[in-house]
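Per-entry structural report
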Amino acid sequence: MSTIRLARVSMLLAAIGLNAAPVLLQSAHAQDKPAAAAPKETVRPELYKLIDPAVINPLMTAKKFDEVELRLTQAEAIANPTPFEQFVLQRQRAALGTASKNDAMTLKAIEAIVEGKRLAEKENSNFIQVITNTYYQKKDYAKAIVWATRYQKESATPLAIRDTLMLSYYFNKDYANALASLRPIIAEAKAAGVAPKFDDLRLYLSSAQLVKDQAATQDATALMMAYHPNDDLWHDSLNRVMIKPTFNKRLHLDAYRLKIVAQKAMEPGDYVELAELALETGYFSEAKNVIDAGYAGGVLGTGADAAKHKNVRERANKGAADDAKNIGTGEAPALKAKDGLPLFNLGYAYATMGQSDKGIGLMQQGLAKGGLKRPDEAALRLGASYARAGRKDEAIKVFEGVKGGDGSGELARLWIMHLKAPAAAAPAAAAAPAAAPAPAK
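Residues numbered from 1 in each chain as written. Predicted model: local features only at pLDDT ≥ 70, side-chain atom pairs only at ≥ 80, totals over all residues. Heavy atoms only, no water.

This part is about the overall build of the protein. Helix and strand counts for the protein stand at 23 helices and 0 strands. Here the analysis covers contacts within the protein between residues at least 6 apart in sequence; of these, 63% occur between residues at least 24 apart. A total accessible area of about 21,400 Å² is found for the protein, and carbon and sulfur atoms account for 54% of it. (Helix = DSSP H or I, 4+ residues; strand = E, 2+ residues; numbered from the N terminus. Contact = heavy atoms within 4.5 Å. Areas by Shrake-Rupley, 256 points an atom, 1.4 Å probe, with all protein chains shown as cover.)

Next up, the structure:
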């Protein structure tokens, strides 16, 4: 979650230049340039002697804050104070709070100063910003929203407080306004040709999910994957697809094919499950590539399941070696088949062996011949083969045509997100081509 680091209110006020002894004898009216004929405003003598800077400043310097507060209390007790006298006294209160690090006193005083409407525009904005940030820091997000909104209305630099307002909305559980606040921030980044900040996109995604805005959730997910992909995001996105009641279990292998290329790392069980699924469907080369990648990454071959890993590896190696000798014999029967499925399966097998051009060519022939009962499932494999071959644009075009409601359409959309990401990596399983036939189904 995005955070804003703020100094305590006393330090903030010191940074914007709150003097310990404000001007007492001339007007401090809220004008950038007071009119030449404006009358001077004064403090009555009986009040002035209590807060005379010649007396107050040495007390402040000596840190005799109790004496200063006593004098201010006595001054405030004088009847019928003028607005200007109230303004001067509140500034003295704020100065005392700043010097003594009494944030509650400071905050109360500067709120009164702002409400008095006697500050110049820039100083007024500075004080409101301090109030906003202080309430945010105190986790009083409702008040932070009130003051941030006021800042945006009264300040010449409304964007200066935008992040604080956005976060205050979110932490105040006003997710709709948080979402609305984030949209222009993200749009501006995209328009400027820069990546939206990770924290902004994470907040955008969270807000969209909390208000159950599906369109915004998809948009936020796509942007996260495009600009700031990470394994947790990919794991959650794929898991959400796979647990839907409408998800076809036949697509588990396709989901894992995306998982291994999109994530930087997988759990040992993920490598094993992907390999097992590939073995079950007769894609021994694919299984070998996956297991080899797991071993190369130091993920497999260790721990309590090392023996299981070894067993899967041996099965994959044996199947891949046997099929490397025989895959060529499958072309003639596939060409004579009444539909294109055998050709398509054979082509995918060649593609997993590292013979991408030949494999993709056979897959296309199979599609052209027709008769495939599951065209969306076939398109997922064709798109994955294009991606494995580094033919990104062709892969995206194939995936764009997948619209199935059984999970295939969502997997295709996730593939597109991965391929359009600035640093989409080559599929890990392609690193170690082996040999495998494809079963006709």
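Next up on the list: the packing of aromatic side chains. With the rule as written, the count across this model stands at 8 aromatic pairs. Judged by centre distance (5.6 Å) and plane angle (65 degrees), the rings of tyrosine 136 and tyrosine 141 are edge-to-face. Given the relative accessible area of 8%, tyrosine 136 is considered buried. On the basis of relative accessible area, tyrosine 141 is assigned to the buried category, the value being 15%. (Phe/Tyr/Trp six-rings, centres within 6.5 Å; stacked < 30°, edge-to-face > 60°. Buried < 20%, exposed > 50% of the residue type's maximum accessible area, 1.4 Å probe, protein only.)

This brings us to the packing of helix H10 (residues 175-191) against helix H12 (residues 214-227). Where H10 meets H12, the closest approach of the two axes is 13 Å, and the angle between their N-to-C directions is 40 degrees. Overall, the two elements H10 and H12 adopt an arrangement that is oblique. Relative to H12, the crossing made by H10 is left-handed. On H12, the residues that touch Leu179, Arg183, Ile186 and Lys190 of H10 are Ala216, Leu223 and Tyr227. Partitioned by chemical class, the residues of the contact of H10 with H12 number 5 nonpolar, no polar and 2 charged. (Axes fitted to C-alpha atoms, helices over the stretch in contact; angles between N-to-C directions. Parallel < 35°, antiparallel > 145°, perpendicular 65-115°, else oblique. Left-handed = near helix turned anticlockwise from the far one by under 90°. Nonpolar A, V, L, I, M, F, W, Y, C, P; charged D, E, K, R; others polar.)

Within the structure shown, the criterion is met by 23 salt bridges. Residue arginine 257 is joined to aspartate 254 by a salt bridge in which the shortest nitrogen-to-oxygen separation is 3.1 Å. With arginine 257 and aspartate 254 both in helix H14 (residues 252-262) and 3 residues apart, the pair spans about one turn of that helix. Assessed through its relative accessible area of 6%, aspartate 254 is described here as buried. Close ionic contact of lysine 358 with glutamate 331 constitutes a salt bridge, the shortest N to O distance being 2.9 Å. Highlighted residues: lysine 358 in helix H20 (residues 356-369) and glutamate 331 in helix H18 (residues 331-336), separated in sequence by 27 residues. The class of glutamate 331 is partly exposed, set by a relative accessible area of 22%. One salt-bridge network, held together by shared partners, links Asp254, Arg257, Glu286 and Arg388. (Salt bridge = Lys/Arg side-chain N within 4 Å of Asp/Glu carboxyl O.)

A few words on unusual backbone geometry. Despite not being glycine, asparagine 80 has its phi angle at roughly 55 degrees, a positive value. By relative accessible area, which is 66% here, asparagine 80 ends up exposed. Of note, lysine 117 is a non-glycine position whose phi angle comes to about 55 degrees, a positive value. With respect to the helices and strands, lysine 117 occurs in the loop between helix H6 (103-115) and helix H7 (121-137). Looking at lysine 117, the relative accessible area reads 55%, which means it is exposed.

On to the nonpolar core, then. Ile51 and Tyr204 are the most contacted members of the largest nonpolar core, which totals 114 residues. By size, the runner-up hydrophobic cluster in this structure holds 8 residues, among which are Ile327, Ala349, Tyr350 and Met353. (Core = buried A, V, L, I, M, F, W, Y, C linked by side-chain atoms within 4.5 Å.)

For the rest of this paragraph, the subject is the confidence of the model for the protein. Per-residue confidence for the protein gives a mean pLDDT of 87, with 87% of residues at or over 70. The element-level mean pLDDT for the protein is lowest in helix H1 (residues 9-15), coming to 51, with helix H22 (residues 392-400) highest at 97. For the stretch residues 19-37, pLDDT sits under 50, and the model shows 43 contacts to residues farther than four places along the chain or on other chains. Note on residues 424-441: pLDDT under 50 across the span, and 57 contacts to partners over four residues away in sequence or across chains. (pLDDT = per-residue confidence, 0-100.)

Attention now moves to H22. Given 3.6 residues per helical turn, the α-helix brings residues three or four places apart onto the same face. When H22 is considered as a whole, its buried residues turn out to be Ala395, Ile396, Val398 and Phe399. Along the axis of H22, the buried positions cluster into a sector of 160 degrees, meaning they face one direction only. In H22, those exposed residues whose orientation departs by more than 90 degrees from the buried face are Asp393 and Lys397. On its buried face, H22 sits against helix H21 (375-388) and helix H23 (408-420). (Arc of directions from axis to C-beta.)

Moving on: the environment of methionine 60. One can find methionine 60 in helix H3 (residues 53-61). Overall, the relative accessible area of 9% leaves methionine 60 in the buried class. For the pair methionine 60 and leucine 96, spaced 36 residues apart in the sequence, the C-alpha separation amounts to 7.7 Å.

Viewed as axis vectors pointing N to C, H22 and H23 meet at an angle of 155 degrees, and their least axial separation amounts to 9 Å. On the basis of the axis angle, H22 is roughly antiparallel to H23. Our pair here, H22 against H23, has a crossing hand that is left-handed. Residue-level inspection shows Lys392, Ala395, Ile396, Phe399 and Glu400 of H22 in contact with H23, the latter providing Ala412, Trp415, Ile416, Leu419 and Lys420. Partitioning the contact of H22 with H23 into residue classes produces 7 nonpolar, no polar and 3 charged.

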